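Examination of the molecular architecture
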Amino acid sequence: MSTAGLDEDPRIADPDDQHPPRATVGSAHIEEEVFGKAYDPRTVRRIWAFVHPYRLRIYLSVFAVLVFTATQLAIPLIIGYAIDTGMAAGGDATDLAWAVLAFAAMVSLNFIASWVQEKQVGNVAENVLFDMRRAMFKRLQEVSLSFMDKTEVGRLMSRLQGDVNSMQEFLETSVVSIGDLVLLFGIVTVLLSLDWGLGLLTLATMPALFVVRIFWLPPAKRAFWAAHETNSATNGAMAEGINGVRTIQNLDRQKVNFHLYDDKAWGNLKTQLTGSRYAQVMVPIVDTLTGISMATVIVVGGSLVLNGGLQVGVVVAFLFYIQRFFDPIRSLTMQYSIMQRAMTSGRRITEVLDVPVTIADRPGAIALTRDMDGSVDFDDVVFGYNPKYPVLKNVSFHVNPGETVALIGPTGSGKTSAMALVHRFYDVQSGAVRVGGHDVRDVAQESLGQQVAMVLQEPFLFTGTVAENIRYNKAGATLEDVIAAATAVGAHEFITRLPDGYDTVLEQRGSNLSLGQRQLLSFARALVADAKILVLDEATANIDSYTERQIQKALETLLDGRTGLVIAHRLATIRGADRIIVLQNGELIEQGNHDQLMERKGLYARLYTMNYASFDDIPDDLINAVAAEKSGT
Amino acid sequence: MSILTAGRRRSRGDARAHVAAAHAGKGSSPLLRITFLSLRHPVQVTIAVAATMIAALLQLLIPRLLGQAIDQAENIVSVASDTAHNGLWATALTLLAVSVARGVFTLFQNYFAESVGHHVGYELRLAFYDKVQRLSYSYHDKVHSGDLITVGLLDLDGIRMFFSTGLIRVVLLTVLIGVGAWMLLSTDVLLGLLALSFVPFVAWRSSVARLGLRKIWLDLQEKLSVLTRIMEENLGGIRVVRAFSGQKHELDKFDAASAEALRLAHRRTNTRVRNTSMMTFSFFAAMGLVLWFGGNKVIAGEISVGTLASFLTFMTILQMPVRQLGLMVNSFARASTCGNRFFAFIDAPVEIEDRPGARELVITEGTLEFDGVGFTYDGASQPTLRDISFTARAGETIGIVGAPGSGKSTLAHLIPRFYDATTGSVRIDGQDVRDVTLQSLRSKVAVVQQDTFLFTTSIENNIAYGNPWAKETRIEKAAESAQLHNYIMGLPAEYDTVVGERGVSLSGGQRQRLSIARSLVLKPAVMVFDDSTAAIDAGTEHRIRSAIRRYAANRVTIIISHRLSSLLHADRILFIEDGAIIEQGTHADLLALGGRYKALHDLQTRPVEDIDALEARP
């Protein structure tokens with residue numbers, strides 16, 4: 001034994017040292033794909049499938065963007081024309097009037113086009129975003145539980161939220177980018193056609209911008225990425241501080257965490273500022289290039305005017321265009337990173353959409369109705385989460401309509417899996433599970449759910465009122481039904497003591513209730529569902545013996561007229577069952593009623609005589625010892 | 001502290017001072033408070049504002065220079081070509097210089113404006129984090145953690161952006177429009193008025209839009225958080241959803257929330273687009289007027305083409321900020337909405353904090369005393385605890401039993417002041433827990449809770465969470481006592497294995513054992529097990545209890561459990577019903593009493609026997 005027992009004073013370091021050796025807040029980030037492709041045809045096709053229903057509106061907005069761009073191009077030309085032709089000193093104003101009329105027409109077009117385009121693009125992007133989210137959510141309702149078992153909720157949420165949002169940015173900007181591209185080419189064309197030589201001279205600054213951007217882009221991207229990373233790390237630490245606040249206060253970690261968070265937030269500030277420097281350094285560069293172009297136009301254009309080779313209006317138009325020239329280049333380079341992000345997000349969204357639905361209704365699946373007989377059959381069932389290691393091995397049994405069967409066995413014996421199969425959470429590897437005489441694979445899942453009510457060991461409540469939680473998806477249940485169910489499970493009393501009774505809103509999945517109370521509500525919920533078959537994973541762990549008794553009584557009412565399959569832990573429940581099925585290591589080893597099993601002197605009898613109130617209370621090693629002994633004999 | 005860190009500290013400022021600043025101006029308008037916070041960075045604010053003004057003035061020079069150049073070009077025929085050329089060169093070079101300078105000052109403007117925003121954001125983050133940790137359980141019971149995250153992420157961002165996207169734009173627009181107006185009006189009153197005619201319209205539209213958008217923003221955020229909650233709960237409770245075939249029900253719930261949010265999102269976009277389009281149109285309309293009247297003036301010879309061109313160029317320069325006016329309006333709307341929510345959170349009263357002049361808790365005998373304690377939750381009509389009195393001495397183990405909702409956990413939560421007793425008092429060695437500092441109290445009271453929160457870090461850090469300075473041997477010792485060591489040694493990286501949301505997940509029983517190990521790393525004077533062994537099998541629990549009994553001599557141990565076998569060794573068992581102690585005594589006493597405890601005990605088919613005897617069997 002080491003000399004450092006738990007008796008000595010634990011504080012071995014200077015408590016004022018604000019940077020303890022092993023403390024962290026938030027998790028280390030997981031490197032994600034950043035510098036990916038900006039264009040991935042497969043992903044684009046998938047995204048397009050979502051845009052497709054709105055394609056007419058997209059075509060309309062692309063058209064509007066083209067019109068908008070054309071008007072943007074035309075306006076300086078009209079002004080130039082007005083100056084050159086309409087404003088001859090002392091002349092008449094007819095040409096000017098025409099020019100102004102043309103201007104008015106262009107401006108109106110510009111107004112309509114920009115309105116149409118922005119509204120359509122914005123709304124379509126929102127629609128697509130919500131559609132994508134719904135498609136993912138719907139898919140997640142259908143995929144097998146084995147997928148959900150493996151996947152963190154947080155990860156799915158980041159796809160449902162973050163990835164979808166970055167798609168919105170992409171969709172909104174991509175139509176605008178088309179406009180930018182057209183505008184860029186339009187300006188180049190107009191400049192060159194107005195005056196070939198002057199146009200080329202003006203555009204000479206363009207390669208310089210490209211060269212600068214080539215050098216600027218890699219470090220800038222790294223800086224932007226670092227800023228993004230530290231930001232999400234800081235936010236992660238904040239979320240952890242919120243979710244773990246009770247533990248943090250309990251263990252008095254506030255001071256340490258505050259300093260650690262301060263470091264994180266400060267580091268984030270630094271990277272944000274670096275990112276900002278990289279973004280802003282382009283401003284004077286672009287302005288300088290604009291200045292050079294304008295100076296060139298003035299000197300060269302002025303000389304051309306002097307030689308009579310150019311009209312003043314053209315010079316004015318040139319100056320107008322130059323001021324517009326760099327905007328599209330700037331937003332197009334920005335669009336590149338947006339596209340990269342969107343492709344990454346798109347891939348992650350399609351990953352969710354592509355999760356195979358392994359358990360689906362067969363075509364022409366039978367709908368189970370209330371008048372099926374309520375029997376349950378396991379016919380030579382083999383099942384494993386990993387096919388190599390089956391957790392149920394050739395299990396066969398029959399439950400008669402109205403019978404109550406207790407399923408017992410040590411942890412890992414396959415009880416919970418067997419229950420899950422009745423509801424077809426998973427599909428069997430071989431053999432068949434039949435409900436009411438029908439193979440569950442031939443039955444419509446929704447009708448199966450309506451006839452097989454389930455109470456899980458872990459109670460789960462939704463934000464909403466108590467009544468809503470008990471009613472859940474049984475829309476037809478009246479408040480009287482709800483109250484009756486609550487009364488039957490002995491929950492009515494504590495519910496009426498809540499501030500608003502049945503209308504009390506449960507915060508945070510019922511965290512304002514004790515675990516036992518939550519369990520009672522989940523019982524009431526199963527009762528309201530009024531199914532023919534009740535599958536119950538008895539939750540001795542969460543309910544104290546006192547409440548337990550109420551439930552024992554309620555169970556009798558509940559099971560009356562129903563087939564009951566109970567994963568039983570309590571001897572009271574077990575003894576009350578019509579039949580007991582003992583599972584061990586995935587095999588059915590014994591079945592019969594209490595007296596029959598006692599007679600057999602098998603595992604059940606051995607465990608029973610050990611005097612534990614609950615089978616769960618029996619230490620694992622003891623069970624193993626008995627089992628080994630039994631298999632030895 | 002090294003010189004380096006000292007320097008770093010100085011530039012960073014005092015974290016506590018930042019937090020205090022965020023609390024200043026309680027109750028006043030959020031926009032004022034944000035402005036105040038920005039002004040705490042006077043140098044950067046000054047640079048940003050000065051750079052904005054200079055950049056705006058330089059920008060105003062550009063149309064002047066262009067107009068001058070055009071006039072020079074037009075008159076070029078009438079003057080000597082050398083002079084004309086020199087004039088053009090001079091204008092061109094000035095223009096180039098002005099452009100470069102404008103770029104540089106714009107850089108300063110943007111960078112320092114963002115810097116102010118990021119600094120304010122940093123300070124508010126600290127204030128937010130500090131507040132989250134300070135607010136007592138009763139606050140966190142009422143507020144959904146998702147809503148808090150929204151406040152800390154989105155609302156904080158909305159505030160952070162206010163300086164660069166809101167306030168600085170006000171300066172920019174004021175200079176551009178103000179000085180520009182003066183320049184234009186002094187050149188030609190009529191054209192100047194026409195050129196500026198769109199400004200009042202834009203101002204009116206934007207104020208209307210501001211009100212509308214602000215409300216839509218607020219509603220949309222709310223609807224989006226409802227949607228988030230629905231998705232989170234669905235995914236978290238997927239088994240329940242499947243068990244009840246609730247997929248359709250869930251999709252309906254999702255669709256209803258989604259449709260609401262989408263409707264608002266559309267409304268936001270449409271309002272925004274309508275406003276920006278109308279603003280741009282009014283700008284172009286004004287330009288058309290300038291073109292018509294200005295053109296006529298040129299024809300009449302009243303002004304030069306260059307002057308007209310400079311008017312038009314000036315308007316082009318104004319077009320960008322006018323478009324940005326929409327963004328600025330958005331920024332104001334967002335900052336005030338976000339600010340309202342954020343500061344409402346910052347201003348929330350902290351119900352449990354150190355009393356002025358609170359002293360350190362001093363442990364002498366290690367006696368815990370409940371003296372006539374009553375407790376009523378906020379908004380509850382019935383008290384949860386009534387007149388609870390008992391005394392526990394160091395070395396004693398107190399068991400607490402009762403029906404769910406009888407107040408067992410609440411009782412435990414009063415000791416470390418997660419809640420404060422409504423009546424009566426809880427004392428440790430004669431010191432009322434409300435009179436000592438929270439830090440000293442909580443370092444001496446360890447509550448092992450029902451639900452264990454795992455932090456995404458190594459299992460070692462998780463165990464040492466309450467005392468990150470603990471020696472490794474101590475951590476291992478704690479893990480051994482909690483019967484977790486062997487499991488840990490089987491993990492891929494042993495004590496360095498990362499657990500939690502992004503790491504290895506632990507079973508319910510393992511989590512509870514980790515929670516016990518966490519408390520054992522500390523050296524509490526009072527240790528409370530709040531139904532914290534429910535997911536641990538009885539044999540393991542028994543081993544844990546024997547392991548920690550060795551260290552229990554100097555502390556009060558309180559075990560709240562539904563499992564009577566956990567309480568067998570308690571020196572005293574309190575039976576609680578409806579918030580009051582109705583029976584107390586040892587297991588044997590209570591059985592002999594033949595009251596409620598006995599009844600509860602008999603509810604089980606078989607009496608629970610001493611596990612020791614069973615374990616002793618070969």
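Residues numbered from 1 in each chain as written. Chains lettered and ligands numbered in written order. Predicted model: local features only at pLDDT ≥ 70, side-chain atom pairs only at ≥ 80, totals over all residues. Heavy atoms only, no water.

An unreviewed UniProt entry lists chain B under the name ABC transporter ATP-binding protein, from Pelagibacterium lacus. Recorded in UniProt for chain B, the comment headed Sequence similarities (unreviewed entry) runs: "Belongs to the ABC transporter superfamily." (UniProt positions renumbered as here; feature names shortened; annotations may be inferred.)

Per an unreviewed UniProt entry, chain A goes by the name ABC transporter ATP-binding protein and belongs to Pelagibacterium lacus. You can read under Subcellular location (unreviewed entry) in the UniProt record for chain A the words "Cell membrane". Within the UniProt record for chain A, the comment given under Sequence similarities (unreviewed entry) is "Belongs to the ABC transporter superfamily."

**A look at the overall build of chain B**
The secondary structure content of chain B amounts to 24 helices and 10 strands. Across the 618 residues in chain B, those meeting the buried criterion constitute 60%. In chain B, the proportion of contacts linking residues at least 24 apart, taken out of those at least 6 apart, comes to 77%. As displayed, chain B offers around 22800 Å² of accessible surface, 58% of which is attributable to carbon and sulfur atoms. (Helix = DSSP H or I, 4+ residues; strand = E, 2+ residues; numbered from the N terminus. Buried < 20%, exposed > 50% of the residue type's maximum accessible area, 1.4 Å probe, protein only. Contact = heavy atoms within 4.5 Å. Areas by Shrake-Rupley, 256 points an atom, 1.4 Å probe, with all protein chains shown as cover.)

**Structural notes on the overall build of chain A**
Within chain A, the regular secondary structure consists of 22 helices and 12 strands. Of all 633 residues assigned to chain A, the portion counted as buried reaches 57%. Partitioning the contacts of chain A with sequence separation of at least 6, the portion at a separation of at least 24 is 76%. In the form shown here, chain A has an accessible surface area of approximately 25300 Å², with 57% of it arising from carbon and sulfur atoms.

**What to know about the environment of Thr-313 of chain B**
You can see Thr-313 of chain B is positioned in helix H13 (residues 305-347). Separated by 250 residues in the primary sequence, Thr-313 of chain B and Pro-63 of chain B place their C-alpha atoms 5.3 Å from one another. Beyond its immediate chain neighbours, meaning those up to four positions away, Thr-313 of chain B contacts Phe-320 and Gln-323 of chain A together with Pro-63 and Leu-66 of chain B.

**Re the pattern of salt bridges**
Tallying each qualifying case throughout the model produces 33 salt bridges over all chains. Across the salt bridge formed by Glu-302 of chain B and Lys-297 of chain B, the nearest N and O atoms sit 3.3 Å from each other. On the basis of relative accessibility, which here comes to 14%, the residue Lys-297 of chain B falls in the buried class. With a closest N to O distance of 3.3 Å, Glu-396 of chain B and Arg-572 of chain B form a salt bridge. In this pair, Glu-396 of chain B is assigned in the loop between strand E2 (385-392) and strand E3 (397-402) and Arg-572 of chain B in strand E9 (residues 572-577), connecting sequence segments 176 residues apart. We classify Arg-572 of chain B as buried; its relative accessible area is 18%. Among the charged side chains, a salt-bridge network with shared partners connects Glu-493 and Arg-497 of chain A together with Asp-578 of chain B. (Salt bridge = Lys/Arg side-chain N within 4 Å of Asp/Glu carboxyl O.)

**A few points about the side chain of His-423 of chain A**
Position of His-423 of chain A relative to the elements: it lies in the loop between helix H12 (415-422) and strand E4 (430-435). For His-423 of chain A, a relative accessible area of 5% translates into the label buried.

**Description of helix H8 (residues 162-187) of chain B**
Between its first and last C-alpha, H8 of chain B extends 36 Å over 26 residues, near the 38 Å set by a 1.5 Å rise per residue. The largest bend along H8 of chain B reaches roughly 30 degrees and is located at Arg-169 of chain B. (Expected span 1.5 Å × (residues − 1). Bend = angle between axes of the 7 residues up to and from the residue.)

**Thoughts on the side chain of Ser-61 of chain A**
Within the secondary structure, Ser-61 of chain A sits in helix H2 (residues 55-86). Not counting the four nearest positions on each side in its chain, Ser-61 of chain A is found in contact with Gln-117, Gln-120, Val-121 and Val-175 of chain A.

**Re the environment of Val-283 of chain A**
Among the secondary structure elements, Val-283 of chain A is positioned in helix H10 (residues 282-306). Residue Val-283 of chain A is classed as buried on the basis of its relative accessible area of 14%. If sequence neighbours within four positions are ignored, Val-283 of chain A has contacts with Gly-103, Thr-106, Leu-107 and Asn-110 of chain B.

**Remarks on a negative patch on the surface**
Residues and elements named next belong to chain B. Together, Glu-472, Glu-476, Glu-494 and Asp-496 give the surface a local cluster of negative charge. Considering the arrangement of structural elements, one finds Asp-496 in the loop between helix H18 (485-489) and helix H19 (508-521). Of the residues examined, Asp-496 reaches a relative accessible area of 53% and is grouped as exposed. (Patch = residues over 30% accessible without salt bridge, like charges linked within 9 Å, V, L, I, M, F, W, Y side chains within 5 Å. Lys, Arg positive; Asp, Glu negative; His and termini not counted. Charge placed at Lys NZ, Arg CZ, Asp CG, Glu CD.)

**Some words on a nonpolar patch on the surface**
Residues and elements named next belong to chain A. On the surface, Leu-66, Ile-178, Leu-181, Val-182 and Phe-185 cluster together into a nonpolar patch covering about 420 Å² of accessible area. Positionally, Leu-66 belongs in helix H2. For Leu-66, a relative accessible area of 37% translates into the label partly exposed.

**As for the packing of aromatic side chains**
Taken as a whole, this structure holds 28 aromatic pairs over all chains when the rule is applied. Between Tyr-377 of chain B and Tyr-419 of chain B, the aromatic rings sit 5.4 Å apart at their centres with planes inclined by 80 degrees, giving edge-to-face as the arrangement. On the criterion of sequence distance, the pair formed by Tyr-377 of chain B in the loop between strand E1 (368-375) and E2 and Tyr-419 of chain B in the loop between helix H14 (408-414) and strand E4 (423-428) is long-range, its members being 42 residues apart. Using a relative accessible area of 6% as the deciding quantity, one classes Tyr-419 of chain B as buried. One aromatic cluster in this structure is built from Phe-128, Tyr-139, Phe-342, Phe-343 and Phe-345 of chain B. Directly above the aromatic system of Phe-258 of chain A lies the positively charged group of Arg-16 of chain B, at a separation of 4.3 Å from the ring centroid. Sitting above the plane of the Trp-204 of chain B ring, Arg-205 of chain B keeps its charged end 5.1 Å from the centroid. (Phe/Tyr/Trp six-rings, centres within 6.5 Å; stacked < 30°, edge-to-face > 60°. Lys NZ or Arg CZ within 6 Å of the ring centre and 35° of its normal.)

**Brief notes about the pairing of strand E1 (residues 376-383) of chain A**
Here is the key point about a regular strand: its side chains alternate between the two faces of the sheet. Residue and element names in this part refer to chain A. Within E1, 6 of the 8 residues are buried, which leaves it mostly tucked inside the rest of the structure. Pairing geometry for E1 and strand E2 (residues 392-399), over 5 bridges, is antiparallel. When the sheet's bridge partners are listed, Val-376 is paired in E2 with Val-399. When E1 meets E4, the two strands line up antiparallel, connected through 5 bridges. Bridge assignment links Val-382 to a residue of E4, and that residue is Ser-430. (Pairing = 2+ DSSP bridges.)

**Quick look at the sheet that holds E1 of chain A**
All names here are of chain A. Sheet architecture is open: 4 strands sit in the order E2-E1-E4-E5, paired in antiparallel fashion. Two strands lie at the open edges of the sheet, namely E2 and strand E5 (438-439), each paired on one side alone. Against the sheet, H12 makes contact with E1, E2 and E4, and its axis sits at roughly 120 degrees relative to E1, the strand it touches most. (Axes fitted to C-alpha atoms, helices over the stretch in contact; angles between N-to-C directions.)

**Quick word on the packing of helix H7 (residues 205-243) of chain A against helix H7 (residues 145-160) of chain B**
Following both chains from N to C, one finds H7 of chain A and H7 of chain B inclined at 145 degrees, their axes separated by 10 Å at the closest point. Handedness of the H7 of chain A/H7 of chain B crossing: right-handed. Contacts between H7 of chain A and H7 of chain B involve Asn-235, Met-238, Ala-239, Ile-242 and Asn-243 of chain A from the former and Ser-145, Leu-148, Ile-149, Gly-152 and Leu-153 of chain B from the latter. In terms of residue class, the contact of H7 of chain A with H7 of chain B is made up of 6 nonpolar, 4 polar and no charged. (Left-handed = near helix turned anticlockwise from the far one by under 90°. Nonpolar A, V, L, I, M, F, W, Y, C, P; charged D, E, K, R; others polar.)

**Some details on the sheet that holds strand E11 (residues 579-584) of chain A**
Residues and elements named next belong to chain A. Strand order in this open sheet of 6 strands is E6-E9-E10-E3-E11-E12, and the pairing throughout is mixed. The open sheet terminates on both sides in strands that have one partner only, identified here as strand E6 (452-455) and strand E12 (587-592). Strand-to-strand twist in this sheet, taken as the mean axis angle between neighbours without regard to direction, amounts to 15 degrees. H12 rests against strand E3 (404-408), E6, strand E9 (533-537), strand E10 (563-567) and E11 of the sheet, and its axis sits at about 150 degrees to E10.

**Overview of the packing of helix H3 (residues 94-142) of chain A against helix H12 (residues 247-299) of chain B**
Close contact between H3 of chain A and H12 of chain B brings their axes to 9 Å; oriented N to C, the two are set at 165 degrees. As summarised for this structure, H3 of chain A and H12 of chain B are arranged roughly antiparallel, according to the angle between their axes. Seen from above, H3 of chain A lies across H12 of chain B with right-handed handedness. Looking at side-chain class alone, the contact of H3 of chain A with H12 of chain B contains 23 nonpolar, 17 polar and 11 charged residues. (Parallel < 35°, antiparallel > 145°, perpendicular 65-115°, else oblique.)

**Digging into the confidence of the model for chain B**
All names here are of chain B. For chain B, the mean per-residue pLDDT works out to 81, and 91% of the residues sit at or above 70. The least confident element of chain B is helix H24 (residues 611-616), whose mean pLDDT is 35; the most confident is helix H3 (residues 30-39), at 89. Low pLDDT (under 50) marks residues 1-8, which in the prediction has 4 contacts with non-local residues, meaning those over four places away or in another chain. This model gives residues 605-618 a pLDDT under 50, and the stretch forms 28 contacts once residues within four places in sequence are excluded. (pLDDT = per-residue confidence, 0-100.)

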